[in-house]
Amino acid sequence: MDVKERWRIAAADVPWAISVARDGSAVAFGSWDKKLHVVDPTGQEVYAYATEDFVKGVAVGPGGTLVVAGSFDKYLYALTKDGRMLWRYKVDNCVRAADISADGAVISAGTWRGSLYALTRRGDLLWKERLDRTPLDVAVSDDGQLIVAALDDGAVVAFSKKGGKAWEYRAKGAVRCVDVSPDGTRVAAGGEDAAVHVLSREGDLLYRYDANETVVGLRWVAMGCALAVATNYSYL
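Residues numbered from 1 in each chain as written. Predicted model: local features only at pLDDT ≥ 70, side-chain atom pairs only at ≥ 80, totals over all residues. Heavy atoms only, no water.

Peer 1: Residue-level account of a positive patch on the surface, with values.
Peer 2: Taken together, the side chains of K74, R88, K90 and R113 define a basic patch exposed on the protein surface. Along the polypeptide, R88 turns up in strand 8 (residues 85-90). (Patch = residues over 30% accessible without salt bridge, like charges linked within 9 Å, V, L, I, M, F, W, Y side chains within 5 Å. Areas by Shrake-Rupley, 256 points an atom, 1.4 Å probe, with all protein chains shown as cover. Salt bridge = Lys/Arg side-chain N within 4 Å of Asp/Glu carboxyl O. Lys, Arg positive; Asp, Glu negative; His and termini not counted. Charge placed at Lys NZ, Arg CZ, Asp CG, Glu CD. Helix = DSSP H or I, 4+ residues; strand = E, 2+ residues; numbered from the N terminus.)

So this is what it looks like as structure tokens:
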């Protein structure tokens, strides 16, 4: 395949997280420069929103109309597509990861203190769970009914929109990344056991793929027909 670069943008400091709207209408990334950056499909920066510390967890909602960013300043921010802050929510520690449902109705964030939050589009708290383990990534199903966290102790834990643990799956090393398929029927997770684990919505293992290296990122693509997987050193 002949892959051509479409654009690039220079960040003032290390980019630390990235999210793309499902329809490709916006790209958002956080950075060590303490800002949330939002870019249009041509690579032009729409805005850079300043927080008080590093920006780590970033998620773009439907059509880029809602952008969520978690900062090490212990706030979760929600912004419009033109950079206006809708609200910010105080959490118990630095935000490590964030995600949003396809319709923007459910937002989740995990903190370094080991807490997982679920909030509404308006910034109202649905629930908070103390995991006493650090969420390294979070994923919200498109319908907002399933919230999944990848944990540093090797667990993948799922919660319902109403709260309460739905299931827990154990890998053999810290789980660094997790994603829910667009139809909500499968959960993929990967991490330091050098494998991709594909689970059912109920948490049962469907199959395991040996990646031979630590899995640092994965996303369902092609409407959930395939997985894009990035490993620590050599492969995509």
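Continuing now.
Peer 1: Which residues make up the sheet that holds strand 18 (residues 186-191), and what values do they have?
Peer 2: Taken together, the four strands give an open sheet; going across it, the order is 17-18-19-20, and neighbouring strands pair in antiparallel fashion. Bordering the open sheet on either side are strand 17 (175-180) and strand 20 (205-210), each of which pairs with just one other strand. Taken pair by pair, the neighbouring strands of this sheet meet at an average axis angle of 15°, ignoring direction. Strand direction decides the pairing type here: strand 18 and strand 19 (residues 195-200), joined by five bridges, are antiparallel. The partner of A189 across the bridge, within strand 19, is H197. (Pairing = 2+ DSSP bridges. Axes fitted to C-alpha atoms, helices over the stretch in contact; angles between N-to-C directions.)

Peer 1: Which residues make up the packing of aromatic side chains, and what values go with them?
Peer 2: Under the criterion given, the structure shown has nine aromatic pairs. Taken together, a centroid distance of 5.2 Å and an interplanar angle of 50° make the contact between W16 and F72 tilted. Here the residue W16 occupies a position in strand 1 (residues 15-20), and F72 occupies one in the loop between strand 6 (66-71) and strand 7 (75-80), the gap between them amounting to 56 residues. Owing to a relative accessible area of 29%, W16 belongs among the partly exposed residues under this scheme. The class for F72 is buried, based on a relative accessible area of 16%. Aromatic ring contacts, followed pair by pair, group W16, W32, F54 and F72 into a single cluster. Across the ring face of W16, the terminal group of K56 is positioned such that the distance to the ring centre comes to 5.5 Å. (Phe/Tyr/Trp six-rings, centres within 6.5 Å; stacked < 30°, edge-to-face > 60°. Buried < 20%, exposed > 50% of the residue type's maximum accessible area, 1.4 Å probe, protein only. Lys NZ or Arg CZ within 6 Å of the ring centre and 35° of its normal.)

Peer 1: Talk me through the pairing of strand 3 (residues 35-39); I want residue IDs and the actual numbers.
Peer 2: Counting buried positions over the five residues of strand 3 gives four, a clear majority of the element. As paired elements, strand 2 (residues 27-31) and strand 3 share four bridges and run antiparallel to each other. Across the sheet, F29 pairs through a bridge with H37, a residue of strand 3. Joining the antiparallel neighbours strand 2 and strand 3 is a turn of three residues, in which K34 adopts a positive phi near 75°. The pairing of strand 3 with strand 4 (residues 45-50) spans five bridges and is antiparallel. Bridge assignment links H37 to a residue of strand 4, and that residue is A48. Connecting strand 3 to the antiparallel partner strand 4 that follows it, the hairpin turn spans five residues, and G43 within it adopts a positive phi of roughly 95°.

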